[in-house]
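Residue strings, one per chain:
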Amino acid sequence: MSKNNIPHHVAIIMDGNGRWAKNRNMPRNNGHEEGLKTLSKITPKVFDAGVKSLSVYAFSSENWYRPKNEIKHLMDLFEKAIESNFQYMVDNRIKFNLLGNIKKFPSSLQKKIKNLEEITKKNRDYNFYLAANYGSKEELIFAAETLRDSTSKITEKSFKNAFYAPHLPDVDLLIRTGGETRLSNFLLWQSAYAEIYFTKVLWPDFKPIHLKKALKFFSGKIRKFGKIN
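Keep in mind that what you see is a predicted model, and the values were worked out from it rather than measured. (Residues numbered from 1 in each chain as written. Predicted model: local features only at pLDDT ≥ 70, side-chain atom pairs only at ≥ 80, totals over all residues. Heavy atoms only, no water.)

With that out of the way, let us pick up the overall build of the protein chain. Counting its secondary structure elements, the protein chain contains seven helices and six strands. When the helices and strands of the protein chain are read in sequence order from the N terminus, they spell out β-α-α-β-α-β-α-β-α-α-β-β-α. A compact globule built from 229 residues would reach a C-alpha radius of gyration of about 17 Å, and the protein chain, at 18 Å, matches this within 12%. Reported as C-alpha extents along the three principal axes, the dimensions of the protein chain are approximately 55 × 40 × 35 Å. In the protein chain, of all internal contacts separated by at least 6 residues, the share reaching a separation of at least 24 is 74%. Split by element, the accessible area of the protein chain, about 12,700 Å² in all, is 51% carbon and sulfur. Between the mean site of the 39 positive side-chain charges and the mean site of the 23 negative ones, the protein chain shows a separation of 4 Å. (Helix = DSSP H or I, 4+ residues; strand = E, 2+ residues; numbered from the N terminus. Rg over C-alpha atoms; globule rule 2.2 N^0.38 Å. Contact = heavy atoms within 4.5 Å. Areas by Shrake-Rupley, 256 points an atom, 1.4 Å probe, with all protein chains shown as cover. Lys, Arg positive; Asp, Glu negative; His and termini not counted. Charge placed at Lys NZ, Arg CZ, Asp CG, Glu CD.)

Let us now look at the packing of helix α2 (residues 28-48) against helix α3 (residues 68-91). Here α2 crosses α3 at 30°, and the two axes come no closer than 10 Å. Relative to α3, α2 is oriented roughly parallel. Where α2 crosses over α3, the handedness of that crossing is right-handed. Between α2 and α3, the residues in contact are Arg28, Asn29, His32, Glu33, Leu36, Ser40, Thr43, Pro44 and Phe47 and Asn69, Glu70, His73, Leu74, Leu77, Lys80, Ala81, Asn85 and Tyr88, respectively. Among the residues making up the contact of α2 with α3, the classes are represented as seven nonpolar, seven polar and four charged. (Axes fitted to C-alpha atoms, helices over the stretch in contact; angles between N-to-C directions. Parallel < 35°, antiparallel > 145°, perpendicular 65-115°, else oblique. Left-handed = near helix turned anticlockwise from the far one by under 90°. Nonpolar A, V, L, I, M, F, W, Y, C, P; charged D, E, K, R; others polar.)

A few words now on the packing of aromatic side chains. Counting across every chain of the model gives 16 aromatic pairs. Ring centres 6.2 Å apart and planes at 80° place the aromatic pair Tyr57 and Tyr134 in the edge-to-face group. One end of the pair, Tyr57, is in strand β2 (residues 53-60); the other, Tyr134, is in strand β4 (residues 126-134), and 77 residues separate them in sequence. For Tyr57, a relative accessible area of 9% translates into the label buried. Their ring planes at 70° and their centres at 6.1 Å tell us that Tyr134 and Tyr164 sit as a pair that is edge-to-face. Within this pair, whereas Tyr134 is found in strand β4, its partner Tyr164 is found in the loop between α6 (156-160) and β5 (173-176), the two being separated by 30 residues in sequence. Overall, Tyr134 belongs to the buried group, its relative accessible area being 0%. Following the ring pairs from residue to residue traces out a cluster consisting of Tyr57, Tyr134, Phe142, Tyr164 and Phe186. (Phe/Tyr/Trp six-rings, centres within 6.5 Å; stacked < 30°, edge-to-face > 60°. Buried < 20%, exposed > 50% of the residue type's maximum accessible area, 1.4 Å probe, protein only.)

Here is the structure:
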């Protein structure tokens, strides 16, 4: 695969953790734990393939309606993930970015998020975006409210600059696991011209070979962005 056929920004909707656990007569929390293991294995493979930015949908703003014990377990997993991957991101010059509103998170998790963002903010080799308590519609409303009293003409550039992470590049390849075929309020603006790859593979079962198939799918696309070749 040539460098021209490698997506700059890959976004992943990591779906299927709960069903993975249910299929094995396990609690849903076991599925989330396996999903975290998969993310730790897939992330290096994404960057090794030449991708510069990776975004993952970990917790949507709608997920607060889930059972309280599941939410608590997810918060604990987020802390565990930051702790266990801290040195990996530092050593590999990966910039960590949180997409979403962290004010509803436990204070200990907020501190770990801010600390990792601060320590990795000067890293330039790769970008890792964790979407947690994130909803694209909420982000668009946030941008609109930010610019509501602006006296300058609102442009596409100025609107994007009001997003949670203005530096987040547009999505080239969006992967959704678990068999569902929808975006679920994830990076709607940024995915306007994304190539979308759906797979029935549940996220805990997603292996490097599945990532390779998704990248191959992308490499076969001719991206015209509304123009004519």
